[in-house]
Amino acid sequence: MDSAASGKLKLYVDEASQPSRAVLIFCELNGIEYEKVPVIIFKGQHLSEEFAKINLFKQVPAMQDGDLCLSQSHAILKYLHASRGCPDHWYPACPRKRAKVDVYLDWHHNFLRVGAGGFVFRTVFAPKIGMVFPEDEIKVVRKVLDRSITTIDTVFLQTNKYICGSEITIADLS
């Protein structure tokens, strides 16, 4: 473990959030001890001034490791991999393999998250809080989601067992 880290690792998460679940799963699979601090988005807990001290962006997941606070699931996953001595396959040291993981992680935020997050929010969560989106807008994010799923199948998984090759990486959790 990084000598700069002190105290218990705290993860601020909402299990309804896919990026939060990715961080939790990574910790569980790698035996990383942590304190789970629930931050319920639908109760507005992420908007509190107290939470803003942990994450200025007021989003989950967030992480506190001693005096270090991080946001963004991919940054958290990379940090945990490096600071906790996790197996190399999760985020390979080999520049070529790591580049493939980074390509997927960047693509993921611009396409799959936009499509999946946008579609699920507009069709599942928004109606529960009284929000209604135009059908045209729902069709747009559904199209992004469908294209993203096709890309995963035809590009990333076409010849691979996992997103970036023959071994699981943080890309598979995202």
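See the structure above.
Reading guide: rules and limits
- Residues numbered from 1 in each chain as written.
- Predicted model: local features only at pLDDT ≥ 70, side-chain atom pairs only at ≥ 80, totals over all residues.
- Heavy atoms only, no water.
- Salt bridge = Lys/Arg side-chain N within 4 Å of Asp/Glu carboxyl O.
- Buried < 20%, exposed > 50% of the residue type's maximum accessible area, 1.4 Å probe, protein only.
- Helix = DSSP H or I, 4+ residues; strand = E, 2+ residues; numbered from the N terminus.
- Phe/Tyr/Trp six-rings, centres within 6.5 Å; stacked < 30°, edge-to-face > 60°.
- Lys NZ or Arg CZ within 6 Å of the ring centre and 35° of its normal.

Moving on: the pattern of salt bridges. Within this structure, the stated rule accounts for six salt bridges. Of the charged contacts in the structure, one is a salt bridge between Lys 58 and Glu 49, with a shortest N-O distance of 3.8 Å. With relative accessibility at 58%, the residue Glu 49 sits in the exposed group. We note a salt bridge from Lys 78 to Asp 102, for which the minimum N-O separation is 3.5 Å. Residue Lys 78 is found in helix α3 (residues 73–83), and its partner Asp 102 is found in helix α4 (residues 95–110); the two are separated by 24 residues along the sequence.

Inspection of every chain in the model, using the stated rule, returns eight aromatic pairs. Centroid distance Tyr 104 to Phe 156: 4.9 Å. Interplanar angle 90 degrees. Geometry classified as edge-to-face. Separated by 52 residues along the polypeptide, Tyr 104 in helix α4 and Phe 156 in helix α6 (residues 135–156) bring together distant segments of the chain. As far as burial versus exposure is concerned, Tyr 104 and Phe 156 are alike and both buried. Chaining the aromatic ring pairs together yields one cluster made of Tyr 104, Trp 107, Phe 111 and Phe 156. The residue whose ring lies beneath Arg 122 is Phe 133, and the NZ or CZ to ring-centre distance is 5.0 Å.

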